[in-house]
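Structural overview for review
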Amino acid sequence: MEEMEEELKCPVCGSFYREPIILPCSHNLCQACARNILVQTPESESPQSRRASGSGVSDYDYLDLDKMSLYSEADSGYGSYGGFASAPTTPCQKSPNGVRVFPPAMPPPAAHLSPALAPVPRNSCITCPQCHRSLILDDRGLRGFPKNRVLEGVIDRYQQSKAAALKCQLCEKAPKEATVMCEQCDVFYCDPCRLRCHPPRGPLAKHRLVPPAQGRVSRRLSPRKVSTCTDHELENHSMYCVQCKMPVCYQCLEEGKHSSHEVKALGAMWKLHKSQLSQALNGLSDRAKEAKEFLVQLRNMVQQIQENSVEFEACLVAQCDALIDALNRRKAQLLARVNKEHEHKLKVVRDQISHCTVKLRQTTGLMEYCLEVIKENDPSGFLQISDALIRRVHLTEDQWGKGTLTPRMTTDFDLSLDNSPLLQSIHQLDFVQMKASSPVPAAPILQLEECCTHNNSATLSWKQPPLSTVPAEGYILELDDGSGGQFREVYVGKETMCTVDGLHFNSTYNARVKAFNKTGVSQYSKTLVLQTSEGCNFEPQSAPYSQLVDIKKLLAVAWFAFDPGSAHSDIIFSNDNLTVTCSSYDDRVVLGKTGFSKGVHYWEITVDRYDNHPDPAFGVARMDVMKDVMLGKDDKAWAITEGGIGKGATIGVLLDLNRKTLTFFVNDEQQGPIAFENMEGLFFPAVSLNRNVQVTLHTGLPVPDFYSSRSSIA
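In this text, all values refer to a predicted model and were calculated from it rather than measured experimentally.

1. Notes on the overall build of the protein chain
On a plain count of helices and strands, the protein chain comes out with eleven helices and 34 strands. Each of the 714 residues in the protein chain was classed as buried or not, and the buried ones make up 37%. Taking as baseline every contact in the protein chain between residues at least 6 positions apart, the subset at least 24 positions apart corresponds to 61%. Counting only carbon and sulfur atoms, one obtains 55% of the accessible surface of the protein chain, whose full area is about 42700 Å².

As structure tokens, then:
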């Protein structure tokens, strides 16, 4: 019965109903609570004025829908009844059930009068706190609402069932808990006192013994109050009006209030409605039974979900731990390679230090010996050894000038870890459906006629097989490292064409593609072999796939422009990014869009404007070179600065990564010997200039003839 408790509580005060009355909307209120929420209305809204104007004949006058909004707010309980002189101005309070209630707008009733008998101000309005329907009271006030005697009886029985245990009335000391009550004697007995004082024989054998709780209820409720008519308080209900759905008395029928209504006997309708309620309860009972079974199922699901969650988490942790272990093993391998490179660099530098130290000691010894020889005053003896000493000094000097003072090893580690494919795979790491709802797509087909290479870029195109019925949600393009190494993802998306930039020149790449959907990943397409440009004398258009087979027989050159994305913000671009100048008086660096790590590459830069100060610088640089200083000021750039350069001069840059050298030309004349050696890694064409200089880049040029012939001789 605990679930029923909310049905027995008033929506205003939150306590059990006390003297409940039934509103016309079938909801209940305590009499005192109903009085507390009364609100006065204007005189024009009174029932008397309505009857006088012939606008209504019902006992209870409901407000029109547009008037109702003045008295209640269906979304938040009671609203403020502003606009009436008699409306309460005290802020509303909130009942335990969440309904906002206004305090009384009139003085409390006299102490000797009950809430029902206390006078109610004229033109009072009441709003149901549950359905928010408003109505205006007539002259009877709250006495016009019928009392809910059935609800009172249910509350009494519920409270008695929750009451404390009853004690025996005949125990002399320490009364024991009563076990029965005699309805005729009206006495509670414990078992010993019942056997002693109320034996089941003689006249007492005819007495009816009931449980204590039932006896208390029967004692309190008998005699049962008889429900009387609200209009005729001295008359009992004897009939039931079907149209009005309310019990009526004999006098109501005599007055003709229900003359045209269907009226039936009260007892017959009581039995009929009890039967209908029982039938309705049967259907509701079935639904309640189903709900209980469903709750049991849900509780079992909670337990199963918890168990499955623990198991799934353990499996997930094991899989992630395996990935972490594999990553740690790979980390150890890569660290071993770094340590190997570290030891190699140290060995080369230390060997050079040792060699240089020995040579320096020999040179110092020769110098000290020559100084001592110069101090001698014997001309003939001096001339006997002077020629040999002079030759030794020149020979030693020449030995120092042949790259001996150039480090054989750079301090930079050119090993670059490409972790983007792994990071992308980690980001794409996700759960897949345990049960496949549809098959995986078919392997894509590479469209060979649309695949091509250009400089160090490759463009690939693919499509789904013509007879494929399973749609693909996206594609994954993979390329190897150009040296036959592992494949890596270079594109993931819905497009069927992709251009991959930044590849090595003169390298052979293997490409493949696969499709995927929610179910899984398809098989790979056939592998396509791509050859990038070698770096000499070829037309700038892309090579179709039909030429890829023999592309190694062709000579290619690199076509590129300056890169706005990596340049300093003060650099100004024009002529399709081939011409640059600067908006600052300070030196600013701009790089070419293409980087080189293999092959022989040559490009030229013409000086379009030059105001003699300061000198521009031309050369190559790493991607992370400083962009706000002259080229060559840090260890990330290799450049030439020619003071004799003027307007119209042409500077040629020859990067031979096969020989690891960098050479410069000015107006087709080589500037001295090789400028830089041991050029290893990835290099970008670079220029530094200020606002006094404007230059234009020329690419796709052949290597100078004399250098080519010298290379063939070498």
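2. Points about the packing of aromatic side chains
Inspection of every chain in the model, using the stated rule, returns seven aromatic pairs. An angle of 20 degrees between the planes, with centres 5.9 Å apart, marks the rings of F596 and W603 as stacked. In this pair, the class of F596 matches that of W603, namely buried. Plain terms: the ring middles of Y602 and F665 are 5.9 Å apart, the flat faces sit at 85 degrees to each other, and that makes the pair edge-to-face. With Y602 in strand β27 (residues 600–610) and F665 in strand β31 (residues 661–666), this residue pair connects regions lying 63 residues apart in the sequence. The exposure class assigned to Y602 is buried, which follows from its relative accessible area of 8%.

3. Some details on the nonpolar core
Counting 33 residues, the largest nonpolar core has W603, F618 and V695 as its most contacted members. Put simply, the parts of the chain that give this core at least two residues each are β25 (579–582), β27, β28 (617–621), β29 (637–640), β30 (650–656), β31, β33 (684–689) and β34 (693–698). Among the elements that take part in this core, β27 stands out by supplying four residues, more than any other. Counting 24 residues, the second largest nonpolar core, distinct from the first, contains L8, C13, L29 and C33.

4. Here's the deal with the pairing of strand β20 (residues 497–500)
Of the two faces of β20, the one holding C498 and V500 is buried and the one holding M497 and T499 is not buried anywhere. Two strands pair when backbone bridges link them, and strand β17 (residues 457–463) and β20 are joined in this way by four bridges, in the antiparallel orientation. Among the inter-strand pairings, S461 is bridged to a residue of β20, identified as M497.

5. Here's the deal with helix α9 (residues 379–400)
Taking 1.5 Å of rise per residue, the 22 residues of α9 would be expected to cover 32 Å, and the 30 Å separating its terminal C-alpha atoms lies within 8% of that figure. The principal kink in α9, of about 40 degrees, is found at S386. Taken as a whole, α9 has its buried residues at S386, L389, T396 and W400.

6. A few points about the pattern of salt bridges
On inspection of all chains with the given rule, the structure shows 17 salt bridges. Ionic pairing is found between R588 and D586, a salt bridge with its closest N-O pair at 3.9 Å. R588 gets classed as buried once you look at its relative accessible area, which sits at 10%. Between K636 and D624 there is a salt bridge, with its nearest N and O atoms 3.7 Å apart. With K636 in the loop between β28 and β29 and D624 in the loop between β28 and β29, the pair connects residues that are twelve residues apart, well separated along the chain.

7. Some points on unusual backbone geometry
You will see that D186, though not glycine, has its phi angle at about 60 degrees, which is positive. In this structure, D186 sits in the loop between β9 (180–182) and β10 (187–189). Residue D186 is classed as partly exposed on the basis of its relative accessible area of 35%. We note that D576 has phi near 55 degrees; this positive angle belongs to a residue other than glycine. Among the structural elements, D576 can be located in the loop between β24 (571–574) and β25. Using a relative accessible area of 69% as the deciding quantity, one classes D576 as exposed.

8. Digging into the packing of helix α8 (residues 266–375) against α9
It is at 11 Å that the axes of α8 and α9 come closest, and there the two elements cross at 155 degrees. Comparing the axis directions of α8 and α9 gives the class roughly antiparallel. The two elements α8 and α9 cross, and the hand of that crossing is left-handed. Within the contact between the two elements, α8 uses C356, K359, L360, T363, L366, Y369, C370, V373 and I374 and α9 uses F382, I385, L389, R392, V393, T396, Q399 and W400. For the contact of α8 with α9, the residue count by class is twelve nonpolar, three polar and two charged.

9. Details of the sheet that holds β10
Ordered in space as β10-β9-β11, the three strands form an open sheet in which the pairing is antiparallel. The open sheet has two free edges, formed respectively by β10 and β11 (209–210), since each of these has just one partner strand. As judged from the three bridges shared by β9 and β10, these two strands associate in the antiparallel manner. Its bridge partner being in β10, V180 is matched across the sheet by Y189.

Quick notes on the rules
- Residues numbered from 1 in each chain as written.
- Predicted model: local features only at pLDDT ≥ 70, side-chain atom pairs only at ≥ 80, totals over all residues.
- Heavy atoms only, no water.
- Helix = DSSP H or I, 4+ residues; strand = E, 2+ residues; numbered from the N terminus.
- Buried < 20%, exposed > 50% of the residue type's maximum accessible area, 1.4 Å probe, protein only.
- Contact = heavy atoms within 4.5 Å.
- Areas by Shrake-Rupley, 256 points an atom, 1.4 Å probe, with all protein chains shown as cover.
- Phe/Tyr/Trp six-rings, centres within 6.5 Å; stacked < 30°, edge-to-face > 60°.
- Core = buried A, V, L, I, M, F, W, Y, C linked by side-chain atoms within 4.5 Å.
- Pairing = 2+ DSSP bridges.
- Expected span 1.5 Å × (residues − 1).
- Bend = angle between axes of the 7 residues up to and from the residue.
- Salt bridge = Lys/Arg side-chain N within 4 Å of Asp/Glu carboxyl O.
- Axes fitted to C-alpha atoms, helices over the stretch in contact; angles between N-to-C directions.
- Parallel < 35°, antiparallel > 145°, perpendicular 65-115°, else oblique.
- Left-handed = near helix turned anticlockwise from the far one by under 90°.
- Nonpolar A, V, L, I, M, F, W, Y, C, P; charged D, E, K, R; others polar.

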